[in-house]
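Letter by letter, the chains look like this.
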Amino acid sequence: MNTDFDVCIVGSGAGAGPVALTLSEAGYSVVVLEKGPWFTEKDFYKDELASNRQGVYTPNLNDEQHVIEESDGHGGWTSEPTSVSGWDFWRGCCVGGSSNFMSGFFYRLKPDDFHLLSTFGPIDNANLADWPISYDNLEPYYTKVESVVGVSGRVVQHPHLEPRSTMNFPSSPTLEHPFSEWFDTTCQEMGLHPLPTPRAILSRNTIKRRSCEYSGWCGSYGCASGAKGSARAALLNPALETGSCEIRPHAKVYKLTTNSQGKVVAAEYYDRAGKPQKVDANIFVVACLATETSRLLLSSSGPRHEKGLANNTGQVGKNLLFSAGGIGGGDFVYDKVDSLKARSLKHQGLFVNRGLQDWYFIDDSAWGKRQKGGTIDFLFEHPRPIGKAKEQKWDDDGNLIWGTPFKKALKSYFTTKRRVKFETFCDWLPTDNCFVSLDTQVKDKWGTPVARIRIGYHPHDIKVGKYLGEKSKNVLRTMGAENIYSNVSGSPPPNLVAGGCRFGKDPKKSVLDPDCRAHDVENLYVTDGSFMPTGGSVPYTWTIYANAFRVADKIVKHLGG
Amino acid sequence: MIIFKILHTLKKLNVGRRPGMNLSEFQRREFQPEATSRRAFILRAAGFLTTLFLFPVIVRAAKKTRTVPLEDPWQTLAVVQEHLFPSETDSPGAKEISALEYLRNVTKDPAIDSGEKEFILNGVTWLNNLSLERHKVVFTSLSQSQRTSMLHEITKSKAGRNWISKLLSYILEALLSDPVYGGNPNGIGWKWLKHHPGFPRPPVNKLYWDLLKI
């Protein structure tokens, strides 16, 4: 069949970049359709206003939103559009997606994450399922990401270290803050195994990109040096260099059209002027954020797909995952630590880069049999002075303060201490109460139904989150922090989302086959985080990159390469 | 249905969590569009000035420099800002951080919702109406202690609290955003709070509203 392109990719983030690069390097023509704009390093500055104003890196919620369904606490569900709540479920709608704005905390999954059900057994009301592939299938691609995307780090032996095919990372860790050494000493005295957090940030000039320049403004900000391994900088730019890849920004795909045999024949999209356009291709790859991937499939019904594309068994949108866990932190008050430490704490620009995986699996008699735990990451508070200052305008009772008392609070917050935070990552157990459907009333600015997301969580997630929160607090307490707090709730972090189109061997229980091709659509692949039946206890990005490289190889084979 | 949604929104002022991201934990808490009506601001007040009526005044005022007395709503906003964030011998106040100039820029900012801009300006009218009702003079003619008690009074209403909260937010943006946005002259806010900006800093042709054109 004569088509515009061999491969059409919807979305341009972590799930799209590896496919665009692999296929264009193999000589196939690729078009990437991205609904957002196309920024480059020349547009990225350390500008907190740009990072936080709606409409800059994410859509204005009046134009594009979600409807969120939450438990009403009495067995029912209550829904609210995000244009009303202000609870933004977007992150990074532009070429390269949210990988432009990530912190790049890169952890691999562990072998047991691939078969949670058979290793740990069922949990009531959780839809656990083993992956149809093993860690060994993905390991070469994790390794590939280390060199192609650029992951810096240092391998340290610890009880839960996953097997590696190479001895170490291709780049040494980014420069570390003096706090890290202090953290290591304390953790070692506590019998723990402090780990240098691998980062998708280059620590040297390599693979045609510049090293990190250590401004200290990383998470939430676009990278001006190109050191951060976003899909745009690391994968799409080299894909463009092959001459076989075209990126179309401001191209909002609203439907995948299928023919009478059920094959996808075209991606229909609106261009910047709002005019409908169409692209045809041999293979279609959807990777536009787990919630939106499910939404697009559900919106794309056709003669052989009456309930939505690839949804003949009603699985699309089901078993959506976020990342469970929580956040917390503590203050190191300059007057209360020794003067050398106080001076070093004020140092800006370097990374803490420390994590703990001592409780990735919990062997605790109080918990009965061995269970799944998670990862803890320690970091300085993200640089967002305006955001931090705004938090100070409320007193402990939730009343506004202003005038001199407010200024005193600001001065104290900014100049007398440094806050160290922790973020815990645990499995978000898949349940029947977390899924994507199409809203029947709310539409986006193009008139297409928006995604309705039910965000129910499993109580077990909270139990694990609290356990890790206590362990994290204990480390900070031992280090001498004050005002230690942790916050664990079932409220999902909108920037860490996966699932909705699980892969598996049984078409009745999954949307995709083990190659991430739709069971019932021969030329449709899904390569963002949607494929995950369970998410593991780490941030998803490295796994999304690795799996997309794996699937890209399958697509090359599919095309006869 | 709408009323239900409003009530539900009010119930949850809890903060969001975004590991690896800095996105505003404050944002959700601040976002209370339902609380931007006059009715919610004060329950009883005489007179009502629409935003339409206000806009010509704004345009005129914006063209003037501080050497000429300010016209409302800017005069009232300047006084409220200076009350919320006073100048002190050891620290800059609203005046030193150019909070009013910053706020004027906000009203021209295409990225900010027109409802939000209207709300800020409408609040001036509501505040002055309340002041006239209570004291027979506008807010700027009140004594310091009268201003304090009036601002405390309006925080008892949702919209009043929201209005002051938003003014404080824009004061803080003037204090800590890059000087290229019109506040924080010569980094006066950064120096006061010993804050180090990230680099590269935004140049004048790459303000965030320029990014909207890409």
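Check the entry above for the structure.
Thresholds applied
- Residues numbered from 1 in each chain as written.
- Chains lettered and ligands numbered in written order.
- Predicted model: local features only at pLDDT ≥ 70, side-chain atom pairs only at ≥ 80, totals over all residues.
- Heavy atoms only, no water.
- Helix = DSSP H or I, 4+ residues; strand = E, 2+ residues; numbered from the N terminus.
- Rg over C-alpha atoms; globule rule 2.2 N^0.38 Å.
- Buried < 20%, exposed > 50% of the residue type's maximum accessible area, 1.4 Å probe, protein only.
- Areas by Shrake-Rupley, 256 points an atom, 1.4 Å probe, with all protein chains shown as cover.
- Lys, Arg positive; Asp, Glu negative; His and termini not counted.
- Charge placed at Lys NZ, Arg CZ, Asp CG, Glu CD.
- Pairing = 2+ DSSP bridges.
- Axes fitted to C-alpha atoms, helices over the stretch in contact; angles between N-to-C directions.
- Core = buried A, V, L, I, M, F, W, Y, C linked by side-chain atoms within 4.5 Å.
- Contact = heavy atoms within 4.5 Å.
- Buried area = accessible area lost by both parts, 1.4 Å probe.
- Salt bridge = Lys/Arg side-chain N within 4 Å of Asp/Glu carboxyl O.
- Polar contact = N/O pair within 3.5 Å; in protein donor to acceptor, adjacent residues only side chain to side chain.
- Nonpolar A, V, L, I, M, F, W, Y, C, P; charged D, E, K, R; others polar.

Colleague: Would you take a moment to explain the overall build of chain A for this structure?
Modeller: Assigned secondary structure in chain A consists of 13 helices and 21 strands. Against the compact-globule benchmark of 24 Å for 561 residues, chain A has a radius of gyration of 23 Å, which places it among compact chains. For chain A, the spread of C-alpha atoms along the principal axes amounts to about 75 × 55 × 50 Å. Within chain A, buried positions represent 66% of all 561 residues. Element-wise, carbon and sulfur atoms account for 47% of the exposed surface of chain A, whose accessible area totals about 19100 Å². Positive and negative side-chain charges in chain A, numbering 64 and 62 respectively, have mean positions lying 3 Å apart.

Colleague: Looking at this structure, how should I read the sheet that holds strand β18 (residues 449-455) of chain A?
Modeller: What links the strands of a sheet is backbone hydrogen bonding, and the strands pair in either a parallel or an antiparallel sense. Residue and element names in this part refer to chain A. As summarised here, the arrangement of the four strands in space is β4-β3-β18-β17, forming an open sheet in which the pairing is mixed. Two strands in the sheet have a free side with no partner beyond their single neighbour: β4 (77-81) and β17 (434-443). Averaged over neighbouring strand pairs, the angle between their axes works out to 30° when direction is ignored. Summarising the sheet, strand β3 (residues 67-71) and β4 pair through five bridges and their orientation is antiparallel.

Colleague: Explain the nonpolar core here, please?
Modeller: Across soluble globular proteins, you tend to see nonpolar side chains buried next to one another. If you look at the biggest cluster of nonpolar residues, it comprises 139 residues, and the most contacted ones within it are A:F179, A:L256, A:F332 and A:L524. Ranked by residue count, the leading element in this core is helix α13 (residues 541-558) of chain A, at ten residues. If sequence neighbours within four positions are ignored, A:F179 has contacts with A:F332, A:L345, A:V352, A:F380, A:V420 and A:M479. Listed in part, the 64 residues of the second largest apolar core include A:F39, B:A111, B:Y181 and B:L207.

Colleague: Any chance you could explain the interface of chain B and chain A here in plain terms?
Modeller: Where interface size is given, it is often the accessible area lost as the parts come together that is meant. Residue-level contacts link 70 residues of chain B with 88 residues of chain A. With both sides pooled, the region where chain B packs onto chain A buries about 6700 Å², and carbon together with sulfur makes up 59% of that total. Across the pair B:E173 and A:K390 runs a salt bridge whose closest N-O atoms are separated by 2.9 Å. Inspection of the chain B/chain A interface yields 18 residue pairs in polar contact (both at pLDDT 80 or more). Mapped onto the side of chain B that touches chain A, the elements with two or more residues apiece are α1 (2-11), α2 (25-30), α5 (74-84), α8 (144-154), α9 (158-176) and α11 (208-211) of chain B. No other element matches the ten residues that α9(B) contributes to the side of chain B that touches chain A. Tallied by class, the residues present in the side of chain B that touches chain A amount to 34 nonpolar, 19 polar and 17 charged.

Colleague: Looking at this structure, how should I read the sheet that holds strand β5 (residues 195-196) of chain A?
Modeller: Residues and elements named next belong to chain A. Taken in spatial order, the six strands line up as β5-β12-β15-β16-β11-β19 in an open sheet, and their pairing is antiparallel. Strand pairing shows two members of the sheet lacking a second neighbour, β5 and β19 (482-488), which therefore form its edges. The pairing of β5 with strand β12 (residues 354-356) spans two bridges and is antiparallel. Looking at β12, one finds that L195 is bridged to G355. With respect to the sheet, helix α6 (residues 178-189) is in contact with β11 (324-333), β12, β15 (374-380) and β16 (417-426), its orientation differing from that of β12 by roughly 20°.

Colleague: So what exactly am I meant to see when it comes to the side chain of A:E268 here?
Modeller: Residue and element names in this part refer to chain A. Here E268 is to be found in strand β8 (residues 264-270). Buried and without a salt bridge, E268 has K255 as its closest oppositely charged side chain, separated by 5.6 Å. Of the polar contacts made by the side chain of E268, one reaches the side chain of T257; its length is 2.5 Å. Setting aside chain neighbours within four positions, we find E268 in contact with K252, V253, Y254, K255, T257, Q277 and K278.

Colleague: Mind showing me how you'd approach the environment of A:F5 here?
Modeller: All names here are of chain A. Residue placement: F5 occurs in strand β1 (residues 5-10). Between the C-alpha atom of F5 and that of S244, which follows or precedes it by 239 residues, the distance is 9.5 Å. Excluding residues within four positions of it along the chain, F5 makes contact with S29, V30, V31, E246, R248, V279, D280, A281 and N282.

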